[in-house]
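Residue-level structure breakdown
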2 protein chains.
Amino acid sequence: MNTQTTYAIGVDIGGQTTKIGLVDRHGNILSTDIITSNDTTDPHTFSQRLANAIIALIERHTTLDNVTGIGIGAPMGNYYTGCIDGAINLPWCNGQTIPLVRWLKELTGLSAIVTNDANAAAMGEMAYGIAKGMNNFIMVTLGTGVGSGIVVNGKVLYGCDGYAGELGHVIVERHNGRSCGCGRSGCLETYTSARGIERSVREWLTATNLPSLLRQKDIATITSKDIYEAAVKGDKLAKDAFALAGEKLGEAFANFVAFSSLEAIILFGGVTKAKDFFYPSLMEHMEKNLISFWKGKVKVLFSILKESDAAILGASALAWEIKHYIRID
Amino acid sequence: MNTQTTYAIGVDIGGQTTKIGLVDRHGNILSTDIITSNDTTDPHTFSQRLANAIIALIERHTTLDNVTGIGIGAPMGNYYTGCIDGAINLPWCNGQTIPLVRWLKELTGLSAIVTNDANAAAMGEMAYGIAKGMNNFIMVTLGTGVGSGIVVNGKVLYGCDGYAGELGHVIVERHNGRSCGCGRSGCLETYTSARGIERSVREWLTATNLPSLLRQKDIATITSKDIYEAAVKGDKLAKDAFALAGEKLGEAFANFVAFSSLEAIILFGGVTKAKDFFYPSLMEHMEKNLISFWKGKVKVLFSILKESDAAILGASALAWEIKHYIRID
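As a starting point, this report considers the structure included with it. The written sequence of each chain sets the order in which its residues are numbered from 1. Labels follow written order: the first chain is A, the first ligand is 1, and so on. Selection of residues for local features in this predicted model requires a pLDDT of at least 70, selection of side-chain atom pairs for listing and counting requires 80 or more, and totals for whole chains, interfaces and linings are taken over all residues. Hydrogens and water molecules were not included; the side-chain quantities draw on all heavy atoms of the structure.

**Digging into the nonpolar core**
- Put simply, buried Ala, Val, Leu, Ile, Met, Phe, Trp, Tyr and Cys residues joined by side-chain atoms within 4.5 Å make one nonpolar core. Type-normalised accessible area, obtained with a 1.4 Å probe on protein chains alone, sets the label of each residue: buried when under 20%, exposed when over 50%, and partly exposed for intermediate values. With 105 residues, the main nonpolar core has F253 and L267 of chain A together with F253 and L267 of chain B as its most contacted residues.
- Should any heavy atoms of two residues lie within 4.5 Å, those residues are considered in contact. With residues near it in sequence (within four places) discarded, L267 of chain A still touches V140, L142, F253, T272, F278, L282, V300, L301, F302 and S303 of chain A.

**Side note on the relation of the copies chain B and chain A**
- The copies were overlaid by least squares, fitting only the C-alpha atoms of residues that reach a pLDDT of 70 or more in each copy. The transform that puts chain B on chain A rotates by 180 degrees and translates by 0.0 Å along the axis, for an RMSD of 0.0 Å. Considering both components of the superposition, the chain copies are consistent with a two-fold axis.
- When you check the interface residues of chain B against chain A, 100% turn up at the interface there too, and the contact is symmetric in its surfaces.

**What about the packing of aromatic side chains?**
- Planes of paired rings set the category: under 30 degrees apart is stacked, over 60 is edge-to-face and the rest tilted, where pairs are Phe, Tyr or Trp rings (Trp by its six-membered ring) whose centres lie within 6.5 Å. As enumerated under the stated definition, the model contains 25 aromatic pairs over all chains in all.
- Between F293 of chain B and W294 of chain B the ring centres are 4.7 Å apart and the planes differ by 55 degrees, which places this aromatic pair in the tilted class.
- Judged by its relative accessible area of 23%, F293 of chain B falls in the partly exposed class.
- Following the ring pairs from residue to residue traces out a cluster consisting of F253, F256 and F259 of chain A together with F253, F256 and F259 of chain B.
- Any Lys NZ or Arg CZ found within 6 Å of a ring centre and within 35 degrees of that ring's normal is scored as a charge over the ring. The ring of Y191 of chain B is capped by K248 of chain B, whose NZ or CZ atom sits 4.8 Å from the centre of that ring.
- Here K275 of chain B stacks its cationic end above the ring of F302 of chain B, 4.6 Å away from the centre of that ring.

**Considering helix α2 (residues 100–108) of chain B**
Residue and element names in this part refer to chain B.
- Secondary structure elements are defined from DSSP: runs of H or I of at least 4 residues count as helices, runs of E of at least 2 residues count as strands, and each element is numbered from the N terminus. Listing the buried residues of α2 in full gives L100, V101, W103, L104 and T108. An end-on view of α2 places all buried positions within 165 degrees of arc, on one side of the element.
- If you follow the buried residues of α2, they end up packed against β1 (7–13), α1 (43–61), β4 (67–73), β6 (83–85), β7 (97–98) and β8 (112–115).
- Two residues or fewer after α2 comes G109, characterised by a positive phi angle close to 80 degrees. In this context, the arc is that of the directions from the helix axis out to the C-beta atoms.

**Description of the sheet that holds β1 of chain B**
All names here are of chain B.
- Should DSSP find at least two bridges between two strands, the strands are taken to pair. Spatially, five strands are ordered β3-β2-β1-β4-β8 in an open sheet, and the strand pairing comes out mixed. Across the chains shown, the open sheet's two edge strands, defined by having one partner strand only, are β3 (29–36) and β8. When the angles between neighbouring strand axes are averaged without regard to direction, this sheet yields 20 degrees.
- Here strand β2 (residues 17–24) runs beside β3; their pairing, made up of seven bridges, is antiparallel. Residue pairing for β3: K19 is matched across the bridge by I34.
- Simply put, an axis is a line fit to the C-alpha atoms, just over the touching stretch for a helix, and the angle between two N-to-C directions goes from 0 to 180 degrees. In the packing of helix α3 (residues 117–128) onto the sheet, the strands contacted are β2, β4 and β8, and the crossing angle to β8 comes to about 110 degrees.

**Topic: the packing of helix α7 (residues 236–260) of chain B against helix α8 (residues 275–289) of chain B**
All names here are of chain B.
- Axis separation between α7 and α8 bottoms out at 7 Å; the angle between their running directions is 30 degrees. Helix-helix and strand crossings are classified by hand; for α7 and α8 the assignment is right-handed. Between α7, through K239, F242, A243, G246, E247, L249, G250, E251, F253 and A254, and α8, the contact on the second element is made entirely by F277, F278, S281, L282, H285, M286 and N289.
- Amino acids outside the nonpolar list (Ala, Val, Leu, Ile, Met, Phe, Trp, Tyr, Cys, Pro) and the charged list (Asp, Glu, Lys, Arg) are all regarded as polar, and Gly is one of them. Split by residue class, the contact of α7 with α8 holds nine nonpolar, five polar and three charged. Crossings are sorted by hand: turned counterclockwise from the far helix by less than a right angle, the near helix makes the crossing left-handed, and turned clockwise it makes it right-handed.

**So, the packing of helix α3 (residues 117–128) of chain A against helix α9 (residues 307–319) of chain A**
All names here are of chain A.
- With their axes 7 Å apart at the nearest point, α3 and α9 run at an angle of 80 degrees to one another. Here α3 lies roughly perpendicular to α9, going by the angle between them. Between α3 and α9, the residues in contact are A120, M123, G124, A127 and Y128 and L313, G314, A315, S316, A317 and L318, respectively.
- Among the residues forming the contact of α3 with α9, the class breakdown is eight nonpolar, three polar and no charged. Roughly parallel here means an angle under 35 degrees, roughly antiparallel means over 145, roughly perpendicular means 65 to 115, and every remaining angle is called oblique.

This is the structure in structure tokens:
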């Protein structure tokens, strides 16, 4: 650890906005800024804007010398190559490989390191959150999609190419599984993401006559928020959609444990607001499917980081690694 | 690496026999001995016999000073604790936790380290076999059961308790899956081990009228060897049983890749003799189920170590680690 520098920059690149934060070693976010992610198709334009915003943020508080580097969480961010590889939801990336780490180094003079958003979330949880002191855990982000960051022996698992931990796309249903955006069928994400839960409700409203408050809505535009609100009012169909997500998560988690024998699975993301409706089912099905010597031993926890801060904190946690792991400087 | 010592002891504890080998740094087995594993119910008696055999083997060739330590591969061998935890197929263990590493240290004066047999096989493959130079791979042993050793970042993955890598007991069939010895249903092992393949044949011979050379045998006692011989003669039902095993392996392997992004899966064990009959199906189903960016990139290879040597070599490879990782000395 470099004791000379006091701050790190954490950057969270999302589909619509990119959040930037100046973070100290204790995980305090001293200042933040936001730029839009989707108003240019030119990767150089985006990188220049990002570099400008980073420098301006630093100079409002300190000097570049006091900053260890830039940690970036981004969809399809590759830790090994320092590139963003064809993230389809970023218009300036769209199918191309963008060497963002190299460009930011050239534009700011600071070292940088990138990983995908779920890995950054795992780093943040390990540095500042509920996974402090844990060496073997999996972070599962339940949002529009399902992402994951796997930590083994205290380090994020990147695998041979930087893409380890695509647990949202583990196939959990081989018989008439739901088609997935990845081109295959039966992926965990199709049952357990916000969209997956909406899909369960739409399927049931269409294919059955089961009563539900949700029949008052336009079936095509029902959101996971609508479903959550119906569940809060006691709507059985809405509650069953969350329970199905819990069941699929529990079954999948038991298999993950057989793989890496982890201490805990930590859940994060918008869907966790509905935890009362999926957690009992998740635990029941995980326990039922665990090998006997793991029964009762694996914790399923929820992130304790504020959702608005977690992505920046996670990315900044990556920046503290730079002196050890930097690939490009 | 300790350059003072020339040899390591590799011990492979199996259900019937325990093989001991004196191995040099290049993976040459200089001498071997065998003791029985199952003729005593007293763990102290077994340990004393094993220690005596180890010392005798060493003293025939060199002195104890020239031996770095003892590496042991054993069912339910726990790397962290140095114990064998309730291996049901070892009568002197039967449900108990046996501190074999500590006892051997007391009896021989040599440091020792233990892991399960599949992890030892992975170590051997990495030190002396086809996985030389690989940092991310999975070793899958296809024998009576299915075992696995997972290597990430050049090290065996042990997880939080030493039991990571129970991939034979990943549940691959959730609808009417075959019951498994572990108490659950649908485990990979129930379709892809030698016993799993025998089970496919028995199910089909009983439930269908499909023609097969195997109908000449007593259905209850058909072995995987019988099935292999029938397949060699072109028997469709026999070939289909291997193809089903290949299909289940291929589907499961695609999920393993999504977990740890590995360079290769390496197969080992008696069932690999029938590779001509399961490999095409395995590759077809793995490729079909891989996320698009991994298609065409993951190798499935076969061990190049002689089966009779591999377990000893793998265990001995563990012994070279002792100076770095020893937990008990």
